[in-house]
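Letter by letter, the chains look like this.
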Amino acid sequence: MGKFYDEIPEWLFEWMQKQHMFWVATAPLSIQGHINVSPKGTADCFHVVNSKQVWYEDISGSGIETISHIRENGRITVMFSAFEGPPRILRLFGVGTVHEYGTPEYNALIPAETRKPGSRAAIVVDVYQVGTSCGYAVPLYKFTTHRTQLLRHYEEQPISPGDHLKAKGASPPRTLRGYWLLKNMRSMDGLPGLATAPDAILNMTPQSHFDKDTRPMMCHTNGGADHSQGSMFGDRIIFASGFTSGAIAILAIAAVLGKLKL
């Protein structure tokens, strides 16, 4: 049976921090935007401040959806699910704040001696509602160990971009910040992502993997471009031009034949 609370019950503090993974869900304000759900599974990255606030260390990845959505509207839901022991689902509904790598708030929450390789932000969530439900349909899983590939990858990757980023048009180096410049400047829907990566705007054009031609068909308003309609109209123009050319050719042949009296 589902229950709701105005804050996180204390008896859930220890349970949350024992879970080996959780999910965060965010969405842009646009109805055409992509709703995002991200799994988080790095050991010891989730922290409970009190019954109204939690935070987690955000590790770099190829997407920047959560940070972009929080920056736009603040909405975030964190979900935990029990895979061992008694079944339970827990949702934390809150307002998120992004503290990027290099900011005073980030440094206070994640000092250098405890920082994980690839760390790019601290995501703080001010919780305004908590929901628990049965979780009876969630399967039982046995935890083996945390994957370490991502952390090992970033451990071998330097953070400082070096002087060659200063040259206009220079290719980004194989550094963590160079990766941010390539992958983390814009969301799939074009919302701003990271803001403190050095020289991001001056030295690098943000890269986007968003191909609008592959999106599901949507209703466009306020002059939004509809590529399928443009293609349809283009086909009609080509067909009409071909039909007209053919008709002109037939009339010309008929006129010649008439003069020859064949």
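For the structure itself, look to the data block above.
Residues numbered from 1 in each chain as written. Predicted model: local features only at pLDDT ≥ 70, side-chain atom pairs only at ≥ 80, totals over all residues. Heavy atoms only, no water.

Draft legend 1. Here's a closer look at the nonpolar core. In terms of nonpolar packing, the biggest core is built from 39 residues, with Met16, Phe46, Phe80, Leu92 and Ile123 touching the most fellow members. Ranked by the residues each element gives to this core, the list is headed by strand β8 (residues 119-133), at seven residues. Among residues more than four places away in sequence, those in contact with Phe46 are Met16, Gln17, Phe22, Val54, Trp55, Tyr56, Val78, Phe80 and Leu92. (Core = buried A, V, L, I, M, F, W, Y, C linked by side-chain atoms within 4.5 Å. Buried < 20%, exposed > 50% of the residue type's maximum accessible area, 1.4 Å probe, protein only. Helix = DSSP H or I, 4+ residues; strand = E, 2+ residues; numbered from the N terminus. Contact = heavy atoms within 4.5 Å.)

Draft legend 2. Spotlight on the pairing of β8. For β8, a buried count of 11 out of 15 residues is recorded, marking the element as mostly surrounded by other parts of the structure. Where strand β1 (residues 3-5) and β8 come together, three bridges link them in antiparallel fashion. Residue pairing in the sheet places Lys3 in a bridge with Thr132 of β8. The pairing of strand β5 (residues 53-59) with β8 spans seven bridges and is classified as antiparallel. Within the sheet, the bridge partner assigned to Val54 lies in β8 and is Val125. With 12 bridges joining them, strand β7 (residues 89-100) and β8 adopt antiparallel strand pairing. When the sheet's bridge partners are listed, Leu92 is paired in β8 with Val130. (Pairing = 2+ DSSP bridges.)

Draft legend 3. View of the layout of surface pockets. Taken as a whole, the largest pocket encloses approximately 990 Å³ of empty space. Looking at the largest pocket, it is lined by 38 residues, and the ones nearest its centre are Met21, Pro39, Lys40, Gly41 and Thr42. Going through the elements one at a time, α1 (13-18), β3 (36-40), β5, α2 (65-73) and α4 (149-155) are the ones with two or more residues in the lining of the largest pocket. Looking at side-chain class alone, the lining of the largest pocket contains 13 nonpolar, 16 polar and nine charged residues. (1 Å grid on protein atoms, 1.4 Å probe; cavity = no way out; pocket = protein on both sides within 12 Å on 5 of 7 lines; lining within 4 Å. Points joined across faces, edges and corners; volume = space filled by probe spheres on them. Nonpolar A, V, L, I, M, F, W, Y, C, P; charged D, E, K, R; others polar.)

Draft legend 4. Quick look at the side chain of Glu57. On the secondary structure map, Glu57 appears in strand β5. Here Glu57 is buried and forms no salt bridge, its nearest opposite-charge partner Lys116 lying at an N-O distance of 4.9 Å. Engagement of the side chain of Glu57 in a polar contact is seen with the backbone nitrogen of Lys116, the distance being 3.1 Å. Among the polar contacts made by the side chain of Glu57, one reaches the side chain of Ser119 at a distance of 2.8 Å. Leave out the neighbours within four places in its chain, and Glu57 touches Cys45, Ile110, Thr114, Arg115, Lys116, Ser119 and Ala121. (Lys, Arg positive; Asp, Glu negative; His and termini not counted. Salt bridge = Lys/Arg side-chain N within 4 Å of Asp/Glu carboxyl O. Polar contact = N/O pair within 3.5 Å; in protein donor to acceptor, adjacent residues only side chain to side chain.)

Draft legend 5. Examining α2 more closely. Listed as buried for α2 are Glu65, Thr66, Ile67, Ser68, His69 and Ile70. Each element contacted by the buried residues of α2 is listed here: β2 (22-26), β3, β5, β6 (75-81), β7 and β8. Phi turns positive, to about 80°, at Gly74, one or two residues after α2.

Draft legend 6. Structural context of the packing of aromatic side chains. The full count for this structure, using the stated rule, is 10 aromatic pairs. Aromatic rings pair up to connect Trp15, Phe22, Phe46, Tyr56 and Phe80 into one cluster. One Lys or Arg, Arg88, reaches over the ring of Trp15 and ends 5.0 Å from the middle of that ring. (Phe/Tyr/Trp six-rings, centres within 6.5 Å; stacked < 30°, edge-to-face > 60°. Lys NZ or Arg CZ within 6 Å of the ring centre and 35° of its normal.)

Draft legend 7. Fine view of unusual backbone geometry. Phi angles above zero are rare outside glycine, and Asp44 is one such case at about 60°. As for its placement among the helices and strands, Asp44 is situated in the loop between β3 and β4 (46-50). When its relative accessible area of 65% is taken as the criterion, Asp44 is described as exposed.

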